[in-house]
Amino acid sequence: MNAPDFLEFKNVSRHFGSIRAVDQVSLSIRKGEFFSLLGPSGCGKTTLLRILAGFERPDTGCVILSGQDITQLPPNRRKVNTIFQSYALFPHLTVRDNIAFGLRIEKRPQREIDHEVERMLELIQMKAEAGKFPDTISGGQKQRVAIARALIKKPQVLLLDEPLAALDLKLRQRMLIELDLIHDEVGITFLYVTHDQGEAMSLSDRIAVMNSGIIEQVGTPAEIYEAPRSSFVAAFIGDTNFFEGRVAELIGNEYSRLVIDGFPDVTVFNDKQLAVNNLIYLSVRPEKFHISRERQEKSPRHNVVPGRVEEVIYQGSLTRYWVRVQEYRIAVTQQHSRFLLDEKPITWDENVWVSWHADDGFMLERYSQSDEQLVTLPE
Amino acid sequence: MKRSLVPYCVTAAILVFFYLPILVLVVNSFNTSRFGGSWEGFSLVWYSRLLNHREIWHALTNSLVIAVSSSIVSVLLGTTAALALHRYATRLQKAHYMLIYTPLIMPEILMGISMLLFFIAAGMQLGLFTIFLAHVTFCISFVAMVVLGRLQDFDFSIIEAAQDLGANWWQATWKVLVPLLMPGLVAGGLLAFTLSIDDFVITFFVAGPGSTTLPIRIYSMIKHGSPPLINALSTILLAVTFAAVYISQHLLEDKT
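Residues numbered from 1 in each chain as written. Chains lettered and ligands numbered in written order. Predicted model: local features only at pLDDT ≥ 70, side-chain atom pairs only at ≥ 80, totals over all residues. Heavy atoms only, no water.

Another point: the overall build of chain B. Counting secondary structure elements, chain B contains eleven helices and zero strands. Seen in sequence order, chain B has helices and strands lined up from the N terminus as α-α-α-α-α-α-α-α-α-α-α. Principal axes of the C-alpha set define a box for chain B whose edges measure 70 × 70 × 30 Å. The buried share of chain B, reckoned over its 256 residues, is 40%. The long-range fraction of contacts in chain B, counting pairs at least 24 apart against all pairs at least 6 apart in sequence, stands at 70%. When the accessible surface of chain B is summed, it comes to about 15,100 Å², and 72% of that surface belongs to carbon and sulfur atoms. Charge-centre separation for chain B: the mean point of 13 positive side chains lies 6 Å from the mean point of 11 negative side chains. (Helix = DSSP H or I, 4+ residues; strand = E, 2+ residues; numbered from the N terminus. Buried < 20%, exposed > 50% of the residue type's maximum accessible area, 1.4 Å probe, protein only. Contact = heavy atoms within 4.5 Å. Areas by Shrake-Rupley, 256 points an atom, 1.4 Å probe, with all protein chains shown as cover. Lys, Arg positive; Asp, Glu negative; His and termini not counted. Charge placed at Lys NZ, Arg CZ, Asp CG, Glu CD.)

As structure tokens, this is what we get:
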């Protein structure tokens, strides 16, 4: 995956009235990559996709596709094709004619069109439905027709705008696998827009997390989950606990001692090289905690705090606990790798010890207003 | 279980209420008698007289020319108006909608008078052209409303999809937008055609010498007393209308 940058957004901005939908976004996407734009609704991800497709013109900045500046090209002259959220199949054309549309517009010879359409029908396994109209096929089939209709144009980038949003859960999971297979098979670059972190995490080579028009972080799914660069990313991708604290001391080059109100001293990995007295959030994901009745101090790099269980939700493969530690209600999930019935499980109102390794927490600088709202986690 | 007879009776009563007068007219058109009071035997005499009645044919030609041309033009303008109303949400759109909607509810006589005054003020010769302009004016509103209804559940990402697949504006319009709007365009066009061909009030004001349309001709024939001819003419019109409705419904069914 070390192909050169292939698709580039350079300082792209787009305003709607006073709203900055896309704000100075720069982004590079590699050839053949499955790249996702992930963010809550209204974060600008769809606008960015529409700028690439040509349906929106950026106010400033440019879009470069394999070395060519395409910012001013109309949609029909760009080598990109889109899968629309509503599929946008042509209701007056059959499945076959829908797929053939792009080639007919190009006025390709009939034999070539027939050949290509046959190939596509085979790829999406819909030869039997070729003569049907879009109204008479299922949601998953519509989705596949939309994919075939776009792929037949052999685009340099395939744009997918929340393509699974309209499907039910089971179908969504199946289409997820199919999309992955199709991406492997055709080998073209996919730009995937979604608000669903699960989809983005499972499909993408890399993800850009967007929030109110800016890109918060770009990275592989694991990088984004394990080392979020902002409190927004930490809270948006997966669940996490935030603690307000201050850097009290640097321990060597790698670790810091933190002061958090009501907690004993906390050690944390300091990859961001934050200086003493910086105000920070400490973020620890629920599954990184361990809870036990006895105090367990495995190593000096482990942090241990006492707390009281307020809520227990048993979910089979795991149990969720909410543990009160001073002013914080810590969410903890424990996987059950052992047979549970032999032991007396931890339950309501028990006093427990909550521990985690210094490497499993990460510090985030406190700098913006929007961070304030994230301190209390939705339950 | 015994079925109630009430629905049948009500249906029959309504059909009688609607169609009995028309039936009387049709029967009378084959009546030898000059006056509708009594049946004096079957005859096609009124039809043959009608065939040779030059003024009626002239009026019918006028009516058809105006109806066809004004419905084509009003479909074009009405559709663009509907698209503009639907697509572009600006503050002016409310005013635009009002302006398009008003002719639907404005008394015809008011429109007739105002157009007559306008044409005179503009120094225009009253004739076929002024009738055409007047008909286009009120037909646009009807077409726009019909097409607007069709646009309510139209997904414009389909147009974007066409452009995305390489279609330019022209191709997207002709290969996707127009075929999908076709039922609305046909319905709007037929509505405009029927409105135009039987309009009396507005036409009466803006018609000039030599530009008599069929409704105006019929009116003057009644005044000068030749009802049997009118019966025959009405029967023919009726047959043509039924045929047109039947054909258009058939076409619309095939589309979907």
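Summing up the model confidence of chain B, the mean pLDDT is 87 and the portion of residues at 70 or higher is 97%. We note a pTM of 0.79 for the whole complex and an ipTM of 0.80 for its interfaces. (pLDDT = per-residue confidence, 0-100.)

Moving on: the side chain of His135(B). All names here are of chain B. Position of His135 relative to the elements: it lies in helix α6 (residues 128–152). When its relative accessible area of 1% is taken as the criterion, His135 is described as buried. When sequence neighbours within four positions are dropped, the list of residues in contact with His135 reads Ile66, Ser70, Ser196, Asp199 and Thr203.

Take the packing of aromatic side chains next. Applying the stated rule across the entire model yields 26 aromatic pairs over all chains. The interplanar angle of 70° and the centroid separation of 4.9 Å between the aromatic rings of Phe243(A) and Tyr328(A) together place this pair among those described as edge-to-face. Of this pair, Phe243(A) sits in strand β11 (residues 241–251) while Tyr328(A) sits in strand β18 (residues 328–335), and the two are 85 residues apart along the sequence. With respect to burial, Phe243(A) and Tyr328(A) carry one shared label: buried. Summarising the aromatic geometry, the rings of Phe154(B) and Phe156(B) are spaced 4.9 Å apart at their centres and angled 70° between planes, so their arrangement reads as edge-to-face. No difference in accessibility class separates Phe154(B) from Phe156(B), as the two residues are buried. Three or more aromatic residues link up through ring pairs in this structure, and these residues are Phe243(A), Phe263(A), Phe289(A), Tyr328(A) and Trp356(A). The ring centre of Phe156(B) lies 4.2 Å from the NZ or CZ of Arg87(B), which sits over that ring. (Phe/Tyr/Trp six-rings, centres within 6.5 Å; stacked < 30°, edge-to-face > 60°. Lys NZ or Arg CZ within 6 Å of the ring centre and 35° of its normal.)

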